[in-house]
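Reading the structure
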Amino acid sequence: MKEIIRMIVVTTIISAFSAAWLGALNKGLEKRIIKQEDIYIRGPAIKELLAGAPNDPLSDRIIIKDGEKEIAVYPWIENGRIKRIAVEWAGKGGYGGDVIVMTAVDLSNYKITGVKVTQHKETPGVGTRAMTPSYLRRQYKGLYAKTKIRLKKDGGQIDAVSGATHSSEAIADAVNKATKFILAHKDEIIKEIKRQ
Amino acid sequence: MGALREFTKGFSDQLPPFRLVLGLCPTLAVTTSASNGIGMGLATTFVLTFSNILVSLLRNIIPAKVRIACYIVLIATFVVTVELLLKAFFFPLYQRLGIFVALIVVNCIILGRAEAFASKNGILYSTLDGLGIGLGFTLSLTFLASIRELLGYGTIFGIKVMGQGFEPFRFFIKAPGAFVTLGILLYLMNYFRSLKEKGKI
Amino acid sequence: MDYIILIINAMLINNILLAQYLGNCPFLGVSKQMDTALGMGGAVIFVITLASLITWSINQWFLIPLKLEYIRTLVFILVIASLVQFIEIFMKKTMETLYRALGIFLPLITTNCAVLGVALLCVKNEYTFNQMLAFSVASAVGYSFALVIFAGIRERYRIAEIPKSLQDTAIGLITAGFMSLAFLGFKGMVH
């Protein structure tokens, strides 16, 4: 009996110390890790979409709550005014799963200024043809954030890439969700950015 | 054995994965570039050394029947530690190593050393054992990775080494290349060892 | 239709052993004879499926809601180790014949990176429940498939004259390399 108690006590104590140590380490490194993810995963996309911004959109990012989720908004701030913002969203319907897209919107006229895919599991050479900068620029740049974006075959504005319909749909879905979010929270976003 | 011997054995007769045939999965998976090899090797060394230290420290407290479970908890703790540290300070390396960082926890080298050595030896020797075998492993990984990178990309650590006319063999970067290269290296090591034993070298 | 592609992918194209480098240690140790390979293969299919099921569920309903993803590795390996223990005890008591065939392989499977690897891949690829099941079973079957072929080849080596330095692991690795090359041919199956 004593043996069993000893086994349980020792194992529990070791596990407790382990949990405590890891919890503390995670808490301590959390902010830094998020920053690293920003730099390496979202950074390249932000640099491209908000190229020319005098501020650093990554460090000036703000968090807006959308229901349960926390959404990061990356702003382009020039002369005290917010020129553009970029928001990342996951679009459903991709061939290999969600396609994560960064959408940039001009806040003076609410037009889409750029779209870039940051994470995806689409087929290289097939689905990825719907992600090239030139294709995305041609299809999305200049569209109004208010319009619901659809593929031409569904009566919309986007030419899907043949053979990459799923990928094209997922990207459109992601952009729609991003613009919907931006329009729904635009006052909150502006207020929060000005606050920083 | 003297302290120095404990450290150096990881580079000679207990060199993983050639002499100490363990830890093959990461060896094959991660050695597509020399910098990945070093990164993985050092991460493994970190986990191996600290887990050896803790197993040795607690060796008289942990009851025999639950020792494997406890070792696993300790090893996994250090693996998660290294995961967090990599994510915070070496993010690109973490992205390139992928799930193989997490898989350090089932690297048979670590559980093997905990069971075979650290549970029966003092802290100093266990530390040296961990460091030695870990660094030996790092050396092997880097060596294998350098060969694969050289033949597969024409570079070492990202620096172009081969001349203009060199046509890289992508074969070495892909899975078959990994198996074959390691197999040939192992063959050569065995061969030179047998020559040495017969006194021909 | 997507499931068929998922299954073929997991079993052949991205064979977890020959293309994703998972499960190599037992591969080179256990596969010298057909019957041990079959035994290991069977045990692997059983354990991987159960392990993926349980770890996926824990991740989905416990780790993610509580934002504890960072200790996933620790939780997963403990689950796998405990699972293997339970399976062993359960098998010993209820399925004697099966235990005698597969039982010795079970402790080995705990440190088989294929088990933890497949569990982590299910999470990394963000599979749904059904996808996770299909993927795990297919991966495990692919692994066993490769294992059995390998054992068949290696049994032949016993009668071949192989230089001492090449024996066992070295020739095993080179053979695995050629098998891997053969499996690469499957890449053309799914466009």
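Going by the structure above, here's the rest.
The structure contained in this document is the topic of the report that follows. As the structure is a computational prediction, the values presented were derived from the model and not from experiment.

**Describing the overall build of chain B**
Along chain B, the regular secondary structure elements total nine helices and two strands. Taken from the N to the C terminus, the helices and strands of chain B come in the order α-α-α-α-α-α-α-α-β-β-α. Relative to the compact-globule value of 17 Å for 201 residues, chain B shows a C-alpha radius of gyration of 18 Å, a close match. In terms of overall dimensions, chain B has C-alpha extents of about 60 × 50 × 25 Å along its principal axes. In chain B, which comprises 201 residues, the proportion classed as buried is 53%. Put simply, of all contacts in chain B between residues at least 6 apart along the chain, 75% involve residues at least 24 apart.

**Notes on the interface of chain C and chain B**
Facing 34 residues of chain C, the contacting portion of chain B comprises 34 residues. Elements with a contribution of two residues or more to the side of chain C that touches chain B: helix H2 (24-30), helix H4 (72-94), helix H7 (113-124) and helix H9 (169-184) of chain C. Counting residues per element, the side of chain C that touches chain B draws most heavily on H9(C), at 10 residues. For the side of chain C that touches chain B, the class distribution of residues is 24 nonpolar, eight polar and two charged.

**As for the sheet that holds strand S3 (residues 81-91) of chain A**
Residues and elements named next belong to chain A. Ordered in space as S1-S2-S3-S4-S5, the five strands form an open sheet in which the pairing is antiparallel. Because the sheet does not close on itself, it has two edges, and the strands there are strand S1 (62-66) and strand S5 (111-119). Each neighbouring strand pair of the sheet contributes to a mean axis angle of 30°, computed without reference to strand direction. Pairing of strand S4 (residues 99-106) with S5, which is carried by seven bridges, proceeds in the antiparallel orientation.

**With respect to the pairing of S1(A)**
All names here are of chain A. Sheet analysis places S1 next to strand S2 (residues 69-78), joined by five bridges and oriented antiparallel. Residue Ile64 lies in a different strand from S2, and its bridge partner there is Ile71. Between S1 and S2, which follow one another and run antiparallel, lie two residues, and Gly67 among them has a positive phi close to 70°.

**Details of unusual backbone geometry**
Positioned with a positive phi, Tyr110(A) is a non-glycine residue whose angle comes to about 55°. By secondary structure assignment, the location of Tyr110(A) is in the loop between S4 and S5. For Lys67(C), which is not a glycine, the phi torsion comes out positive at approximately 55°. Along the chain, Lys67(C) turns up in the loop between helix H3 (34-63) and H4. By the C-beta count within 10 Å, which is 8 here, Lys67(C) ends up exposed.

What counts, and at which threshold
- Residues numbered from 1 in each chain as written.
- Chains lettered and ligands numbered in written order.
- Predicted model: local features only at pLDDT ≥ 70, side-chain atom pairs only at ≥ 80, totals over all residues.
- Helix = DSSP H or I, 4+ residues; strand = E, 2+ residues; numbered from the N terminus.
- Rg over C-alpha atoms; globule rule 2.2 N^0.38 Å.
- Buried ≥ 20, exposed ≤ 12 C-beta atoms within 10 Å, placed from the backbone.
- Contact = placed C-beta atoms within 7 Å.
- Nonpolar A, V, L, I, M, F, W, Y, C, P; charged D, E, K, R; others polar.
- Pairing = 2+ DSSP bridges.
- Axes fitted to C-alpha atoms, helices over the stretch in contact; angles between N-to-C directions.

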